[in-house]
Amino acid sequence: MRCGFLLIFFTLIYDFSSSAQLLDTQTLCSLGSFAVETSGIEKADSISYWTHNDSGGRPVLYRFNSSGLLLDTLIISNVKNIDWEDLARDDSGNIYIGDFGNNFNDRTNLRIIKLNHDSILYSSGKTSAEIISFKYPDQAALPPSNSNLNFDCEAFIHSGDSLYLFTKNVSASKNSGYTKQYRIPDTGGSFTADLVDSFYLNEPVTSADILGQDTSLVLLTYFSVFLFHGFRSNDFFSVAPKQFQFRSLTQKEAVLFKDSSHLLITDEKVFGTGGKLYLIDLTSGVLKSSCRKKFYSISHSSHKCIYNQLLIFIRRKSLHRHHRQIRNRNNAVKRFDASDKNSK
């Protein structure tokens, strides 16, 4: 099951509200070959941004501008890119990389990679990182049953002295549709995450960001952005979100507030489509809060089938990447052996 086909399939059965004005996306640039599988975006300075690739990519952050020009690369020397999924930034300028992609819901090495602001500023292209390791308090089995596949994560933010994670739920049961919120300290060490809350979005969350002064939270999915505004003390789900739906459907993977009315979004390149940076104007369309929760206009048995298909795709994608990494390592060994024989 290919991702492009799956997204088309979701489009056919997803019930867009006729009362909603769909969002248009303004293409700012193509990201080029350095970020074909872009999966996170964060502010680097006033004119440039950091991004990275998905699982199996190099342990590198790429700095680029809104024209798509690659300005710099930053190698993190003491880690691997197991499954990097999102970026966050604190008020001191420290950068956090979410290495918590967990397609099979069975990882035992979940972690967040913390880059000190000074080490980024004076890195000369390479730096080392502090590691924040964690596990989920409510996961008893590795992996859990198909009815409880809610331990994958592709989205997080920094607020106060903590990191807040939002899960990507692909459960094939009545539990599907809920994203869970966890909290982890923002300092190095090993932790059991705190399960804080959950919210019913009925869409897979792929990225998150929080506006300065912690006034607004945005959750990105393939279909929409959900904007939570007016909450207090990081109680994000205490308010009803506004749902903004996209007119175009691509594999959207990363979101960043540009200002209170505009978002920057990147998508992964699939079948020659995507791999771009977009500007979203939030004033161009909104689904009223009273209609904010959309349901699939099909029976529960069909709903379960769709999530099973999504799970099959995710597992196949992970296996493909795993096999690709093995082939790359084997080819590297063969090249080394050949050069070694030639030297003799």
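Keep in mind it's a predicted model, so treat the numbers as computed, not measured.

Thresholds, definitions, all that
- Residues numbered from 1 in each chain as written.
- Predicted model: local features only at pLDDT ≥ 70, side-chain atom pairs only at ≥ 80, totals over all residues.
- Heavy atoms only, no water.
- Helix = DSSP H or I, 4+ residues; strand = E, 2+ residues; numbered from the N terminus.
- Buried < 20%, exposed > 50% of the residue type's maximum accessible area, 1.4 Å probe, protein only.
- Contact = heavy atoms within 4.5 Å.
- Areas by Shrake-Rupley, 256 points an atom, 1.4 Å probe, with all protein chains shown as cover.
- Pairing = 2+ DSSP bridges.
- Salt bridge = Lys/Arg side-chain N within 4 Å of Asp/Glu carboxyl O.
- Phe/Tyr/Trp six-rings, centres within 6.5 Å; stacked < 30°, edge-to-face > 60°.
- Lys NZ or Arg CZ within 6 Å of the ring centre and 35° of its normal.
- Polar contact = N/O pair within 3.5 Å; in protein donor to acceptor, adjacent residues only side chain to side chain.
- Core = buried A, V, L, I, M, F, W, Y, C linked by side-chain atoms within 4.5 Å.
- Axes fitted to C-alpha atoms, helices over the stretch in contact; angles between N-to-C directions.

### Description of the overall build of the protein
Thinking step 1. For the protein, the helix and strand inventory stands at 3 helices and 22 strands.
Thinking step 2. The 344 residues of the protein split such that 52% are buried.
Thinking step 3. Within the protein, contacts between residues at least 6 apart in sequence are counted, and of these 55% link residues at least 24 apart.
Thinking step 4. Counting only carbon and sulfur atoms, one obtains 49% of the accessible surface of the protein, whose full area is about 15400 Å².

### Digging into the sheet that holds strand β4 (residues 60–65)
Thinking step 1. Reading across the sheet, the 5 strands line up as β2-β3-β4-β5-β9 and stay open at both edges, with mixed pairing between neighbours. What marks the edges here is a single partner per strand, and that holds for β2 (38–43) and β9 (126–127).

### What about the pattern of salt bridges?
Thinking step 1. Across all of its chains, the model carries 6 salt bridges by this definition.
Thinking step 2. Note that Arg107 and Asp99 form a salt bridge whose closest N and O atoms lie 3.3 Å from each other.
Thinking step 3. Relative accessible area serves as the criterion here: at 12%, Arg107 is assigned to the buried category.
Thinking step 4. Asp194 is paired through a salt bridge with Arg183; the nearest N and O atoms lie 2.8 Å apart. Within this pair, whereas Asp194 is found in strand β15 (residues 194–200), its partner Arg183 is found in strand β13 (residues 178–185), the two being separated by 11 residues in sequence.
Thinking step 5. Put simply, Asp99, Arg107 and Arg111 are held in one network by salt bridges that share partners.

### A closer look at the environment of Phe228
Thinking step 1. Its place among the elements puts Phe228 in strand β18 (residues 224–229).
Thinking step 2. Separated by 11 residues in the primary sequence, Phe228 and Leu217 place their C-alpha atoms 5.0 Å from one another.
Thinking step 3. If sequence neighbours within four positions are ignored, Phe228 has contacts with Phe199, Leu201, Thr215, Ser216, Leu217, Leu219, Phe236, Phe237, Val239 and Pro241.

### Looking at the packing of aromatic side chains
Thinking step 1. For the structure on display, the rule yields 16 aromatic pairs.
Thinking step 2. Their ring planes at 65 degrees and their centres at 4.9 Å tell us that Tyr178 and Tyr200 sit as a pair that is edge-to-face. Taken together, the positions of Tyr178 in strand β13 and Tyr200 in strand β15 put the pair 22 residues apart, joining distant regions of the chain.
Thinking step 3. Ring geometry for Phe228 against Phe237: centres 5.3 Å apart, planes inclined by 50 degrees, an arrangement best described as tilted. An identical accessibility class is assigned to Phe228 and Phe237; each is buried.
Thinking step 4. Site record: aromatic cluster; members linked through ring pairs are Tyr164, Phe166, Phe199, Phe228, Phe231, Phe236 and Phe237.
Thinking step 5. Positioned above the aromatic ring of Phe246 is the side chain of Lys252, whose terminal nitrogen or guanidinium carbon lies 4.4 Å from the ring centre.

### Quick word on unusual backbone geometry
Thinking step 1. For the peptide bond that leads from Leu142 to Pro143, omega is 0 degrees, which places it in the cis range.
Thinking step 2. As for its position among the elements, Pro143 is in the loop between β10 (130–135) and β11 (152–159).
Thinking step 3. The backbone of Asn202 shows a phi angle near 60 degrees, a positive value even though the residue is not glycine.
Thinking step 4. Positionally, Asn202 belongs in the loop between β15 and β16 (205–210).
Thinking step 5. A relative accessible area of 1% places Asn202 in the buried class.
Thinking step 6. Of note in the backbone geometry, Phe271 takes a positive phi value of approximately 55 degrees without being a glycine.
Thinking step 7. With respect to the helices, strands and loops of the structure, Phe271 is situated in the loop between β21 (262–267) and β22 (276–281).

### With respect to the environment of Tyr222
Thinking step 1. Along the chain, Tyr222 falls in the loop between β17 (216–221) and β18.
Thinking step 2. At a separation of 3.1 Å, a polar atom in the side chain of Tyr222 contacts the side chain of Lys168.

### A look at the nonpolar core
Thinking step 1. With 17 residues, the main nonpolar core has Ile157, Phe166, Leu217, Leu219, Phe228 and Phe236 as its most contacted residues.
Thinking step 2. Mapped by element, the contributors of at least two residues to this core are β11, β12 (162–168), β16, β17 and β18.
Thinking step 3. Take this core: its biggest share by element is 3 residues, from β16.
Thinking step 4. Dropping the residues within four chain positions of it, Phe236 is found in contact with Ile157, Tyr164, Phe166, Gln181, Ile210, Leu217, Phe228 and Phe231.
Thinking step 5. Counting 16 residues, the second largest nonpolar core, distinct from the first, contains Tyr96, Ile112, Phe156 and Tyr182.

### Thoughts on the sheet that holds β15
Thinking step 1. Within the open sheet, the 4 strands sit side by side as β11-β12-β13-β15. Their pairing is antiparallel. Strands with a single pairing partner mark the edges of an open sheet, and in this sheet they are β11 and β15. Ignoring which end each strand starts from, the neighbouring axes of this sheet average 25 degrees apart.
Thinking step 2. Sheet topology note: the β13/β15 ladder contains 6 bridges and is antiparallel. When the bridges of β15 are listed, Tyr178 appears paired with Tyr200.

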